[in-house]
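Chain residues, written in single-letter form:
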Amino acid sequence: MKIIAPSILSCDFSNLGTEIARTHQTKAEYIHIDVMDGCFVPNLTIGPCVISSLRKYSTKVFDVHLMIEEPIRYISAYRNAGADVLTVHAEACSDLKATLLAIRESGAKVGLSIKPKTDPKTILPFLSLCDMLLVMTVEPGFGGQAFIPDAVENVRFLKEELRKSGLSVPIEVDGGITTETIGTAAKAGADIFVAGSAVYKKPDIGKAISELLEAAERS
Ligand code: DX5
Ligand code: ZN
């Protein structure tokens, strides 16, 4: 079962509520929300108050991607705002175990992400604490970038490690996902596919989501 997670980073931010509501009748199961602090990544986006306002526009899973330094400081704020999954970056946490446990404690699903150049071996000790892994297929910070094919090796490696450990943790990929690139990520073992431009920059987002899903499932 593959899942498409449209990223609202590519939305019209003056109409976020209606942009999210546009996914109601589509096959997307998640809404991916990119939180950036201008520190971990060179861009600024969404705080908890915005997520809290958006919560009433959708019953889909709010998949919140925290691209912020020391996210442990904000776990309860984002959970209380309505996050269902909270994903943190291994590179951004001085105490990764405590951060993952804080997410677990909050009641949200626990996500752990790595940037394309991060050695995936560094997160092996933490796999059993996670409900989802997020493998970045672009450098985090901006939508609309080109997919980095080499990052797929991280998906392949982590999928195999999860299998060897007997863990059934889905792998999400994020960045440059299109109908052309999604198959490569799916073949490597990805289960959940974030897509910003490939959804929200298309005139018919329902059709765009269905086409992505079909391309992923064909692979
Ligand atoms: C980038 C974000 C992505 C971004 C993806 O740092 O994490 O979620 O919105 O956008 P596209 O699909 O356009 O690459
Ligand atoms: Zn993201």
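None of these values were measured; they are calculated from a predicted model.

Parameters at a glance
- Residues numbered from 1 in each chain as written.
- Chains lettered and ligands numbered in written order.
- Predicted model: local features only at pLDDT ≥ 70, side-chain atom pairs only at ≥ 80, totals over all residues.
- Heavy atoms only, no water.
- Near = heavy atom within 4 Å.
- Polar contact = N/O pair within 3.5 Å; in protein donor to acceptor, adjacent residues only side chain to side chain.
- Areas by Shrake-Rupley, 256 points an atom, 1.4 Å probe, with all protein chains shown as cover.
- 1 Å grid on protein atoms, 1.4 Å probe; cavity = no way out; pocket = protein on both sides within 12 Å on 5 of 7 lines; lining within 4 Å.
- Sits in = over half its atoms within 2 Å of the grid points.
- Helix = DSSP H or I, 4+ residues; strand = E, 2+ residues; numbered from the N terminus.
- Core = buried A, V, L, I, M, F, W, Y, C linked by side-chain atoms within 4.5 Å.
- Buried < 20%, exposed > 50% of the residue type's maximum accessible area, 1.4 Å probe, protein only.
- Contact = heavy atoms within 4.5 Å.
- Pairing = 2+ DSSP bridges.
- Axes fitted to C-alpha atoms, helices over the stretch in contact; angles between N-to-C directions.
- Donors = N, O, S within 2.8 Å, 3.2 Å for Na, K, Ca; no water.
- Tetrahedral: all angles 85-135°; square planar, octahedral: opposite > 155°, others 65-115°.

A.B. asks: I'd love a proper account of the site of ligand 1, names of residues and values included.
C.D. replies: As a structural note, the neighbourhood of ligand 1 is formed by 20 residues, with Asp34, Gly141, Asp174, Gly196 and Ser197 the closest of them. Within the backbone of Gly144, one N or O atom sits 2.8 Å away from an oxygen atom of ligand 1. Notes on ligand 1: free accessible area 380 Å², of which the protein chains cover 99%. With respect to the detected pockets, ligand 1 is housed in the largest pocket. With 3 residues, strand S2 (residues 30-36) is the largest single contributor of residues to the shell around ligand 1.

A.B. asks: I'd love a proper account of the nonpolar core, names of residues and values included.
C.D. replies: Generally speaking, nonpolar side chains in soluble globular proteins are found buried as a group. Counting 62 residues, the largest nonpolar core has Ile8, Val64, Leu112, Leu133 and Phe193 as its most contacted members. Of the residues forming this core, the biggest block, 6 residues, is contributed by helix H8 (residues 205-218). The contacts of Ile8, once residues within four sequence positions are left out, are Phe13, Leu16, Ile20, Ile31, His32, Ile33, Ile46, Leu54 and Tyr200.

A.B. asks: I'd love a proper account of the sheet that holds S2, names of residues and values included.
C.D. replies: Pairing within the open sheet is parallel, and its 8 strands lie in the order S1-S8-S7-S6-S5-S4-S3-S2. The sheet is open, and its two edges are formed by strand S1 (3-6) and S2, each paired on a single side. Pairs of neighbouring strands in the sheet enclose a mean axial angle of 25°, with direction left out of account. The strands that helix H4 (residues 96-106) touches are strand S4 (85-89) and strand S5 (109-114); relative to S5, the one it contacts most, it runs at about 150°.

A.B. asks: Go over the coordination of the zinc ion (ligand 2), please, and point to the residues and values.
C.D. replies: Those protein atoms acting as donors to the zinc ion (ligand 2) are His32 (NE2), Asp34 (OD), His65 (ND1) and Asp174 (OD), and they sit at 2.0 to 2.3 Å. The site at the zinc ion (ligand 2) holds 6 donor atoms, and with the angles between them running 70 to 170°, its shape is octahedral. For the zinc ion (ligand 2), the donor residues sit on a single chain with the sequence spacing H-x1-D-x30-H-x108-D. A residue pair is termed long-range when its members are at least 10 positions apart, and His65 in strand S3 (residues 61-67) and Asp174 in strand S7 (residues 171-174) qualify at 109 residues. Summarising the burial analysis for this pair, His65 and Asp174 share the class buried.

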